[in-house]
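Examining the three-dimensional arrangement
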2 protein chains.
Amino acid sequence: MSEKPKNVLQTVTPEVVAEAKGIIRDADHAAIAVLEPGTGQPLVSRVGLATLADGSPLIIVSGLTAHAKALTADPRCSLLIGEAGKGEPLAHPRISLICRAEALAAEQREEARARYLAMHPKAAIYVDLPDFRFLRLVIERASFNGGFGRAYEMTGAELVGP
Amino acid sequence: MSEKPKNVLQTVTPEVVAEAKGIIRDADHAAIAVLEPGTGQPLVSRVGLATLADGSPLIIVSGLTAHAKALTADPRCSLLIGEAGKGEPLAHPRISLICRAEALAAEQREEARARYLAMHPKAAIYVDLPDFRFLRLVIERASFNGGFGRAYEMTGAELVGP
């Protein structure tokens, strides 16, 4: 019940955008859905998360993992961000992002590395291994569910930037 | 880093199967990935969860939601189950299921309704609305990640049944 039909969508205000951006910036993990190469089957798994300065989600992947191989074959993916917390799991805010995974430009790597390690200090043991690479997830659109009766759709442009 | 290549997979023991089944049975929510009709884009969102007596995941969907429409068009889906908890998010056990959504047989509905309400008492306000229906998610295969260095692959037959 996370995506709502148009007729139950609420109006997106600056406060709602700020709330959605905060959920993304504060999260240290997400569920990532990718397309399995060959079958096109959706696959969802957990990834560690950070953000770039513009708010774009940032992940690091080992080339050996199923989701890394999938994103190489087809960069389309989706992230679910926001914890269920205690009590009724659907009462807690969460956001579903529709994204496209992109390799980082060489000049972005130092920023990405520093931001990722600030969120995940223990990742220091693997961030520089040759098999690992950072991916920026370009947000194309999003569905934000702030809890019962609070459903919004947003563009990537609303969520990324200062 | 949730799916591991074959060469780092561990041997599946009865204890590991029991641990994986326990995670599924105890969960009251999951991330569900589906394929967006028309685009084939993966979409992930949060759903409430219960299980049938055989351990199959059970969800209830409103026909108005994006994931319900997607599952009607293509029943292939994936569930991520298991909370990240405190500390390092990738240290906590979770399981990724590859599933196919099926309508319940009429004679299964009472069991499903009772089991869903036992896990989600507040769902009583909508389970019987005409727009809502239960779906059984038939597990085809699974990747269980018990934390760093503990990666297993399982079949649906290993996870479902007494």
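The structure we're discussing is the one just above.
All figures in this text were calculated on a predicted structure; none of them were measured in a lab.

What follows covers the overall build of chain A. Looking only at helices and strands, chain A features four helices and eight strands. Relative to a compact globule of 162 residues, whose C-alpha radius of gyration would be 15 Å, chain A shows 16 Å and is just as compact. Every one of the 162 residues in chain A was classed for burial, and the buried ones make up 43%. Across chain A, every contact between residues at least 6 apart in sequence was considered, and the portion connecting residues at least 24 apart equals 66%.

Structurally, Phe148(B) is set in the loop between strand E7 (132–145) and strand E8 (151–155). Once residues lying within four places of it in the same chain are set aside, the contact partners of Phe148(B) are Leu90(B) and Ala91(B).

Contacts between chain B and chain A engage 37 residues on the former and 36 residues on the latter. The biggest single contributor to the side of chain B that touches chain A is strand E2 (residues 42–48) of chain B, with six residues. Considered class by class, the residues forming the side of chain B that touches chain A number 18 nonpolar, eleven polar and eight charged.

What follows covers the pairing of strand E4 (residues 57–62) of chain B. All names here are of chain B. Within E4, five of the six residues are buried, which leaves it mostly tucked inside the rest of the structure. Sheet topology note: the strand E3 (residues 50–51)/E4 ladder contains two bridges and is antiparallel. Note on E4: the bridge partner recorded for Ala50 is Leu58. From the end of E3 to the start of E4, which pair antiparallel, there are five residues, and Gly55 there has a positive phi angle of about 95°. Inspection of the sheet shows E4 paired to E7 by five bridges, in the antiparallel sense. Bridged to Val61 within E7 is Arg133.

So, how was this worked out
Residues numbered from 1 in each chain as written. Chains lettered and ligands numbered in written order. Predicted model: local features only at pLDDT ≥ 70, side-chain atom pairs only at ≥ 80, totals over all residues. Helix = DSSP H or I, 4+ residues; strand = E, 2+ residues; numbered from the N terminus. Rg over C-alpha atoms; globule rule 2.2 N^0.38 Å. Buried ≥ 20, exposed ≤ 12 C-beta atoms within 10 Å, placed from the backbone. Contact = placed C-beta atoms within 7 Å. Nonpolar A, V, L, I, M, F, W, Y, C, P; charged D, E, K, R; others polar. Pairing = 2+ DSSP bridges.

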